[in-house]
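Survey of secondary and tertiary structure
Residue strings, one per chain:
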Amino acid sequence: QVQLVESGGGLVHAGESLRLSCAASGSFLSINAAGWYRQAPGKQRELVAGMTGGGSTNYADSVKGRFTISRDNAKNTVYLQMNSLKPDHTAVYYCTAVLSLTPWTNSNYWGQGTQVTVSS
């Protein structure tokens, strides 16, 4: 059973930091591309940060300079470091990853979501 399990969300005050983790488990060879999305109540889900299999990254304009996506291949984990948090960052954050299941087959997976709440 291949799955992504998220952790690290919670309640913080404005200006503080959080690091979200997304751990992949099950039978697969490696993590290829990965990304983080978020969805606030009444809003569409939006891409926050993405990383290609080669390590190139991209970010939503609203989080550039504040958020950093990274990957630890030895731990099969993708991270989102969030610094200088603001109340408008409050949302459910979802990780997604393309996993190499075999040398010939990739498959996309989603985490269960983790709540991030930033108070003023």
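Now for a description of the structure that goes with this document. In this text the structure is predicted, and so the values were computed from the model without any measurement.

**A look at the nonpolar core**
Residues Ile31, Trp36, Phe67, Ile69, Leu80, Met82 and Tyr93 are the most contacted members of the largest nonpolar core, which totals 30 residues. Put simply, the parts of the chain that give this core at least two residues each are strand S3 (18-25), strand S4 (30-39), strand S5 (46-51), strand S7 (67-72), strand S8 (77-82), strand S9 (91-102) and strand S11 (114-119). Tallying contributions element by element places S9 first for this core, with five residues. If we skip the residues at most four places from it in the chain, Leu80 touches Leu18, Arg19, Leu20, Trp36, Val48, Ala49, Phe67, Thr68, Ile69 and Tyr93.

**Some remarks on the environment of Pro87**
Within the secondary structure, Pro87 sits in the loop between S8 and S9. Overall, Pro87 belongs to the partly exposed group, its relative accessible area being 39%. Separated by 66 residues in the primary sequence, Pro87 and Ser21 have C-alpha atoms spaced 21 Å apart.

**Re unusual backbone geometry**
Even without glycine at this site, Asn76 takes up a positive phi of about 55°. The backbone of Ser84 sits at a positive phi, close to 50°, despite the residue not being glycine. Inspection of the secondary structure puts Ser84 in the loop between S8 and S9. Classification of Ser84 as partly exposed rests on a relative accessible area of 38%.

What counts, and where the lines are drawn
- As a convention, each chain's residues are numbered from 1 in the sequence order in which they are written.
- Where local features are concerned, this predicted model is filtered to residues with pLDDT of at least 70; where side-chain atom pairs are given and counted, the filter is 80 or more; whole-chain, interface and lining totals use all residues.
- Note that the side-chain values use all heavy atoms of the structure and ignore hydrogens as well as water.
- Residues grouped as a nonpolar core are buried Ala, Val, Leu, Ile, Met, Phe, Trp, Tyr and Cys residues, joined through side-chain atoms within 4.5 Å.
- Exposure is judged per residue with a 1.4 Å probe applied to protein chains only, and the accessible area is read against the type maximum: over 50% gives exposed, under 20% gives buried, and values in between give partly exposed.
- Helix and strand definitions follow DSSP, with helices as H or I runs of at least four residues and strands as E runs of at least two, each counted in order from the N terminus.
- Any pair of residues with heavy atoms lying within 4.5 Å of one another is described as a contacting pair.

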